[in-house]
Amino acid sequence: METRSQIRARAFVKIWTAFVILAIYLPIICGALAGLSKGRYFGFPIRVFSTEWWGKTFASLEIQSLVQNSLLIAFIVTLVSVVFAFFGALAFARYDWRGRKLFQKAILLPVFFPQPVLGLALLLWFNALGINPSWQTAVVAHLVWIVPVVTLVIAIQVYSFDPTLEEAARDLGASRWFILREVTLPILWPGIWSGALFAFLLSWGNFPLSLYTAGVDSTIPKWLYSKMVAGYSPMVPALGTMSTLSAAAVLLVGGLAIALVRRRQADA
Amino acid sequence: MAAVTYTATAGERSLLPAIPAGLRAAAPVTLLLVLGFLAPLLTVAAYAFATPKSFDVFRSFTLANFSAVFDPSNTVWMSFAWSLAYAAATVALLAVIAYPIAYGLNRMFGKWSGLVGVLFVFPLFVSENVRLYGWVLFFIKNGVLDGGLKWLGFSGGPEVLYTPGAILFGMLYVYLPFMLFPMSLGIAMIPRDLVDAARDLGASRLMIWREIELPLAMPGILIGMLLTFVLGAGAIAESKILGGQSVITIAQDIEVAFTYAQNWPLGSALALLLVAIVSGLALYVLSKLDLDRILGKR
């Protein structure tokens, strides 16, 4: 039996959580409404709804190139960071080696670092090397921040990994490549997929690093920011909403795929 | 135990001499961090000692940039004070806001906790300027709040946009997940039977919280506090979008020095001071924590 105070505490926690979730999604809903209202200026309550600005945003060639840049950066970042982070996570959580504790802490430092300052520091560094900032340098900047995050995500999966499985395969005469492909990778797949999902979405939505390190190339968040400070256009909330919905779709599909992999693992 | 010693077979040994497997696995990430994190920071450090308003890095040495920062006639220390105060306020308020949610995620939501967790993660994937701009649309004149209240017959909403308070609100909003998830990991480390045992022995709710739950969840809470403090100290988008530059944060001063003012040495000196504060704190807190225990839950 629950006491009365426990029931009260439970109700408080539930109401508070619901309230905070509402507050989190409120601005996203405001943006969606602004992007769907007719007319050049935003006013509430919305008088006439229209998909005019969505259409204009879709048709814009400038925005198509932004989407291409953002996608290209996110795909490369995902691919590279998963490979780096896979080995990084093994070093983080699996192997016992001198320097592991130091490695664990060093890898957190880019995460525990203000991103705008990291972006500006990278800008200085690229300049010192004589490299012109472009979308390629933005990829490097994203990697510095995203690889540590993905390493942590995969490391959590590695912790639940039983190393005697690898040893057993080795004792049975399996080659290193065979063990990696048939034992290690299948067990770690859910963690790797989660890491890939994080990498893609964090790169897709990243603003501070792209702002300083992409040079003349623009990404969706960077372009949105330049329009926000220049004055209001309904294309800003329209594109913002589209970008949010794409991220939600990727998360949904990716999340379902990971759940499927986990279930198949549980059955096997 | 996840850690295991590995002995290479004779064939491998000839190819890969005595490098331990862990070090080899760590090599790509280490290389990335040296070239993409350490090297840029060293460049900033080098620029901080170069002649002001020049690009004579490595060719000049002066402390003029630092004396400019500490010059009382220069108001840049105000930005430092604002940023650190905002960061501290963000940490304190978010600890209170996030604790009940983190507790609920672990103890109360049951099968819903996965979904609730995803709802809190998702905003991380929407860039902060889009979300902050949503708040502008909410608070602006004739926006959702003001227009909605007028429509209901009230005289209109309060003017909160472009004030220092709006910046704090934006920071609480953007950094909530960075407090919530480490905190939730921390609360997950509290063994439930310990709480039950204490209750059976007659400990009051407050006593259980103070003597058992809080100390055991502390590593996670500390990580959350550290993360939000660091991010808050380097915040820039909140003051630019919601604050209308009513307050200039330190990150913005650094940005101006690097861009419009073209005074890289001054910007570097400011960045170096910020990094010294932030990483000093980060290294101190991280040295107190055992990451295997927090992430591995063993």
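Residues numbered from 1 in each chain as written. Chains lettered and ligands numbered in written order. Predicted model: local features only at pLDDT ≥ 70, side-chain atom pairs only at ≥ 80, totals over all residues.

Naming follows an unreviewed UniProt entry, where chain B appears as Spermidine/putrescine transport system permease protein of Xaviernesmea oryzae. Per UniProt, chain B carries the Sequence similarities (unreviewed entry) text "Belongs to the binding-protein-dependent transport system permease family. CysTW subfamily." Regarding chain B, the UniProt comment filed under Subcellular location (unreviewed entry) reads as follows: "Cell membrane". (UniProt positions renumbered as here; feature names shortened; annotations may be inferred.)

As annotated in an unreviewed UniProt entry, chain A is Spermidine/putrescine transport system permease protein from Xaviernesmea oryzae. According to the UniProt record, the Subcellular location (unreviewed entry) comment for chain A is "Cell membrane". You can read under Sequence similarities (unreviewed entry) in the UniProt record for chain A the words "Belongs to the binding-protein-dependent transport system permease family. CysTW subfamily."

1. Comments concerning the overall build of chain A
Counting its regular elements, chain A contains 11 helices and zero strands. If you list the helices and strands of chain A from N to C, you get α-α-α-α-α-α-α-α-α-α-α. Per-residue burial over chain A gives 47% buried out of 268 residues. (Helix = DSSP H or I, 4+ residues; strand = E, 2+ residues; numbered from the N terminus. Buried ≥ 20, exposed ≤ 12 C-beta atoms within 10 Å, placed from the backbone.)

2. Concerning the overall build of chain B
Looking only at helices and strands, chain B features 14 helices and zero strands. Of the regular secondary structure in chain B, the N- to C-terminal order runs α-α-α-α-α-α-α-α-α-α-α-α-α-α. The globule rule puts the C-alpha radius of gyration for 298 residues at 19 Å, and the 24 Å found for chain B is more than 25% above it. Judged by the C-alpha coordinates and their principal axes, chain B covers about 70 × 60 × 35 Å. By residue count, 43% of the 298 residues in chain B fall in the buried class. Within chain B, residue pairs in contact and separated by at least 24 positions form 71% of the contacts whose partners lie at least 6 positions apart. (Rg over C-alpha atoms; globule rule 2.2 N^0.38 Å. Contact = placed C-beta atoms within 7 Å.)

3. Let's talk about the interface of chain B and chain A
The partner chain A presents 82 residues to the 75 residues of chain B that form the contact. Examining the composition of the side of chain B that touches chain A, we find that 17 residues originate from one element, helix H2 (residues 21-48) of chain B, more than from any other. Residue composition of the side of chain B that touches chain A, grouped by class: 57 nonpolar, 15 polar and three charged. (Nonpolar A, V, L, I, M, F, W, Y, C, P; charged D, E, K, R; others polar.)

4. A few points about the UniProt feature "transmembrane region" (unreviewed entry) in chain A
Residue and element names in this part refer to chain A. Mapped onto this structure's residue numbering, the UniProt feature "transmembrane region" (unreviewed entry) falls at residues 12-36, 71-95, 107-126, 138-162, 183-204 and 238-261. Structurally, residues 12-36 is divided into 96% helix and 0% strand, and its ends, taken at the C-alpha atoms, are 36 Å apart. In residues 71-95, the share of helix is 96% and the share of strand is 0%. The end C-alpha atoms are 35 Å apart.

5. A closer look at helix H4 (residues 100-108) of chain A
Within the sequence span of H4(A), burial applies to Arg100(A), Phe103(A), Gln104(A), Ile107(A) and Leu108(A). Buried positions in H4(A), seen along its axis, are confined to an arc of 135° and lie on one side of it. What points out from H4(A), more than 90 degrees from its buried face, is the exposed set Lys101(A) and Leu102(A). Buried residues along H4(A) sit against helix H3 (61-94) and helix H6 (135-159) of chain A together with H2, helix H13 (264-287) and helix H14 (291-296) of chain B. (Arc of directions from axis to C-beta.)

6. Details of unusual backbone geometry
Keep in mind that most residues, glycine aside, have a negative phi and that most peptide bonds are trans. Of the consecutive residues Phe44(A) and Pro45(A), the connecting peptide bond is found in the cis state with omega at -5°. Mapping Pro45(A) onto the fold places it in the loop between helix H1 (4-35) and helix H2 (52-59). The phi angle at Tyr162(B) is positive, at roughly 65°, despite the residue not being glycine. Positionally, Tyr162(B) belongs in the loop between helix H7 (144-151) and helix H8 (164-188). Of the residues examined, Tyr162(B) has 17 C-beta atoms within 10 Å and is grouped as partly exposed.

7. Focus on the environment of Gly117(B)
Structurally, Gly117(B) can be placed in helix H5 (residues 113-121). On the neighbour-count criterion, Gly117(B) (17 C-beta atoms within 10 Å) is partly exposed.

8. Brief notes about the environment of Phe161(A)
Here Phe161(A) lies in the loop between H6 and helix H7 (164-171). Considered as a pair, Phe161(A) and Leu252(A) are 91 residues apart in the sequence and their alpha carbons are 26 Å apart.

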